[in-house]
Amino acid sequence: MEIQAPKGTKDILPQDAYKWQYVEGILREVSKAFGVREIRTPIFEHTELFLRGVGETTDIVQKEMYTFKDKGDRSITLKPEGTAPSVRAFIENRLFNEAQPTKLYYIIPCFRYENVQKGRLRQFHQYGIEMFGSKEPSMDAEVISLAMEALKRLGLKSLSLNINNLGCPKCRPKYNEALKSYLQENYDDLCDVCKTRFEKNPMRILDCKEKSCNKITKNAPIILDYICDECNDHFTEVKKYLDALNIKYKIDPGIVRGLDYYTKTIFEILNEDFTVCGGGRYDKLIEEIGGPEMPAVGFGMGLERLIMTLEQEGIEIPNEGYIDLYIGSRGDKAKMEAFILAKKLRELGIKTEINHMGRSVKAEMKYANKIGALYTTILGDDELENNTLKLKRMSDGEQFEASLNNIESIKNVLK
Ligand code: ATP
Ligand code: MG
């Protein structure tokens, strides 16, 4: 029996890898433009980190984590998201003692045991941003503008930005009471998971994906009517900064987001089918995970969904050919020369391939054509004797001469 990849995982094959490299390249560039530096944390962490950092009443913790005991009987979890690990590393490595703010990005695989469907995998990838140390609304706006700039550089135009404000520990209890008294009437119709959320974290019910719960929460009271003056002022300022950059947004009082740690600003960037990017402010998380009191804001962007959107919009991703020159050969002596020549050309940055399949010259040329080699040449006794090389440009068949013992003359043709 053939072994298949686990459900909800995907191979990225060589013929598609260029798309990922291109997208990741742009994301790294945008990060740099904003003075954001990369952090790399382990693929797995102690389960405890996500219980504390993501929140016990979230879908992730309640249903989706890949958790197992290692041979030392420790409970280990594969990263379901990148924020809690970044915060853990920030605290453990005492980065809070350095000049603030700390601006981090990562490109990581994430693991969630989900119902697999279009745009919903069990191993997926995220580009994430975390900015620690600033409570200023300009920081929220900078994080949002970074996400928008990334999408713009990728050529995406159809995505829309929704923002909301979730309040803070000062104003949220009042809202939770209002929400609970509203939900109380329909308690029996809530799904089983939401029943457990009712006491601990009723807001989480607003984010439930069950239809029966959606029906109940449709007319629930909204948080924006309950936020305190401080949260309200913060929201007004964030909007001002976004306006200053001409970033278009819609206020959507219905968005809650799937993680417990958010305070104040939250946002989502979506297309017609799904959310590509979600993020917000999480001023209590660093403290929650054992660090100093320190505000923070960030986002996670799903790369599979991002690439799907690029394809849906028909945006062409540049695909640079992977071979500049294919060197065919006739006979053992010529093959050895081709082998040595390839090494020298590669040292000059010319992507070169030779025949390792013992094919006929005709079959070699067919192969070179198939892989999209820009130039081909064939080495045989004549070429070795005369020290010449005929380079054929594959796009139009034009031939160019170069000298076999003058690498520069070959390079000059190819450039
Ligand atoms: P959703 O509501 O779609 O489940 P989420 O709130 O769980 O999303 P986040 O935890 O905020 O998502 O993750 C940020 C981004 O990561 C999402 O906006 C999405 O693009 C991507 N993402 C999340 N879960 C998956 C998944 N299972 N497969 C593919 N991409 C995902
Ligand atoms: Mg989810």
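Scope of this entry: the structure provided in the associated data block. Just so you know, these numbers come straight off a predicted model, no measurement behind them.

### Thoughts on the environment of lysine 69
For step 1, the next point in the chain: Note on placement: lysine 69 falls in strand 3 (residues 67–69).
For step 2, the next point in the chain: In this structure, the C-alpha to C-alpha distance between lysine 69 and threonine 47, residues 22 residues apart in sequence, is 9.7 Å.
For step 3, the next point in the chain: Leave out the neighbours within four places in its chain, and lysine 69 touches Arg74 and Ser75.

### Thoughts on helix 1 (residues 14–33)
For step 1, the next point in the chain: Helix length check: helix 1 (20 residues) gives 29 Å between terminal C-alpha atoms against 28 Å at 1.5 Å per residue, within 8%.
For step 2, the next point in the chain: If you check which residues of helix 1 are buried, you get Lys19, Trp20, Val23, Ile26, Leu27, Val30 and Ser31. Along helix 1, the residues classed as buried sweep out an arc of 140° about the axis, all on the same side. Within helix 1, the exposed residues directed more than 90 degrees away from the buried face are Pro14, Gln15, Gln21, Lys32 and Ala33.

### Describing unusual backbone geometry
For step 1, the next point in the chain: Here glutamine 100 and proline 101 are connected by a cis peptide whose omega angle stands at 5°.
For step 2, the next point in the chain: For proline 101, the position within the fold is in the loop between helix 4 (83–92) and strand 5 (102–111).
For step 3, the next point in the chain: Unusually for a residue other than glycine, aspartate 73 sits at a positive phi of about 65°.
For step 4, the next point in the chain: Looking at the secondary structure, you find aspartate 73 in the loop between strand 3 and strand 4 (75–78).
For step 5, the next point in the chain: Residue asparagine 387 is not a glycine yet carries a positive backbone phi of 55°.
For step 6, the next point in the chain: Note on placement: asparagine 387 falls in the loop between helix 14 (381–386) and strand 15 (388–393).
For step 7, the next point in the chain: Residue classification places asparagine 387 among the partly exposed positions, given a relative accessible area of 30%.

### As for the packing of aromatic side chains
For step 1, the next point in the chain: If you walk through the whole model with that rule in mind, you get twelve aromatic pairs.
For step 2, the next point in the chain: Between the aromatic rings of tyrosine 261 and tyrosine 262, the centroid separation amounts to 5.0 Å while the plane-to-plane angle is 65°, which identifies the pairing as edge-to-face. Residue tyrosine 261 shares its accessibility class with tyrosine 262, and that shared class is buried.
For step 3, the next point in the chain: Grouped by ring-pair contacts, the aromatic residues Tyr105, Tyr127, Phe267 and Phe299 constitute a single cluster.
For step 4, the next point in the chain: The ring of tyrosine 113 carries the charged tip of arginine 122 above its face, separated from the ring centre by 3.9 Å.
For step 5, the next point in the chain: Its end group placed over the ring of tyrosine 367, arginine 359 keeps NZ or CZ at 4.2 Å from the ring centre.

### A few points about the nonpolar core
For step 1, the next point in the chain: Judged by nonpolar contacts, the single largest core of 52 residues is most densely connected at Val87, Phe132, Tyr282 and Ile286.
For step 2, the next point in the chain: By residue number, the principal contributor to this core is helix 4, which donates five residues.
For step 3, the next point in the chain: Apart from residues lying up to four places away in sequence, isoleucine 286 is in contact with Val87, Phe90, Ile91, Phe132, Gly291, Pro292, Met294, Pro295 and Ala296.
For step 4, the next point in the chain: With 41 residues, the next largest nonpolar core counts Tyr127, Leu161, Phe235 and Cys277 among its residues.

### Considerations on the layout of surface pockets
For step 1, the next point in the chain: Estimated volume of the second largest pocket: approximately 560 Å³.
For step 2, the next point in the chain: Within the residue set of the lining of the second largest pocket, elements represented by two or more residues are helix 2 (47–53), helix 6 (172–184) and helix 10 (285–288).

### Here we look at the environment of glycine 349
For step 1, the next point in the chain: Examined against the element boundaries, glycine 349 turns out to sit in the loop between helix 12 (332–347) and strand 13 (352–354).
For step 2, the next point in the chain: What makes glycine 349 exposed here is its relative accessible area of 53%.
For step 3, the next point in the chain: Distance from glycine 349 to glutamine 399, taken between C-alpha atoms, is 22 Å for residues 50 residues apart in sequence.

### Some thoughts on the side chain of threonine 376
For step 1, the next point in the chain: Relative to the helices and strands, threonine 376 resides in strand 14 (residues 375–379).
For step 2, the next point in the chain: A relative accessible area of 2% places threonine 376 in the buried class.
For step 3, the next point in the chain: Residues contacting threonine 376, with those up to four places away along its chain left out, are Leu325, Tyr326, Met365, Ala368, Lys390, Leu391, Lys392 and Met394.

### Some points on the packing of helix 1 against helix 5 (residues 137–153)
For step 1, the next point in the chain: The contact between helix 1 and helix 5 brings their axes to 10 Å, and the two run at 140°. By the angle between their axes, helix 1 is oblique relative to helix 5. The crossing of helix 1 and helix 5 is right-handed. Contact residues: Tyr22, Ile26, Leu27, Glu29, Val30 and Ala33 in helix 1; Leu146, Glu149, Ala150 and Arg153 in helix 5.
For step 2, the next point in the chain: Class assignment for the residues of the contact of helix 1 with helix 5 results in seven nonpolar, no polar and three charged.

### Here we look at the sheet that holds strand 4
Within a beta sheet, neighbouring strands are joined by backbone hydrogen bonds and run either parallel or antiparallel to one another.
For step 1, the next point in the chain: Reading across from one edge, 2-4-3 is the order of the three strands in this open sheet, with antiparallel pairing throughout. Strand pairing shows two members of the sheet lacking a second neighbour, strand 2 (44–46) and strand 3, which therefore form its edges. In this sheet, neighbouring strand axes are inclined to one another by 35° on average, regardless of whether the strands run parallel or antiparallel.
For step 2, the next point in the chain: With three bridges connecting them, strand 2 and strand 4 associate as antiparallel partners. The partner of histidine 46 across the bridge, within strand 4, is isoleucine 76.

Thresholds applied
Residues numbered from 1 in each chain as written. Chains lettered and ligands numbered in written order. Predicted model: local features only at pLDDT ≥ 70, side-chain atom pairs only at ≥ 80, totals over all residues. Heavy atoms only, no water. Helix = DSSP H or I, 4+ residues; strand = E, 2+ residues; numbered from the N terminus. Contact = heavy atoms within 4.5 Å. Expected span 1.5 Å × (residues − 1). Buried < 20%, exposed > 50% of the residue type's maximum accessible area, 1.4 Å probe, protein only. Arc of directions from axis to C-beta. Phe/Tyr/Trp six-rings, centres within 6.5 Å; stacked < 30°, edge-to-face > 60°. Lys NZ or Arg CZ within 6 Å of the ring centre and 35° of its normal. Core = buried A, V, L, I, M, F, W, Y, C linked by side-chain atoms within 4.5 Å. 1 Å grid on protein atoms, 1.4 Å probe; cavity = no way out; pocket = protein on both sides within 12 Å on 5 of 7 lines; lining within 4 Å. Points joined across faces, edges and corners; volume = space filled by probe spheres on them. Axes fitted to C-alpha atoms, helices over the stretch in contact; angles between N-to-C directions. Parallel < 35°, antiparallel > 145°, perpendicular 65-115°, else oblique. Left-handed = near helix turned anticlockwise from the far one by under 90°. Nonpolar A, V, L, I, M, F, W, Y, C, P; charged D, E, K, R; others polar. Pairing = 2+ DSSP bridges.

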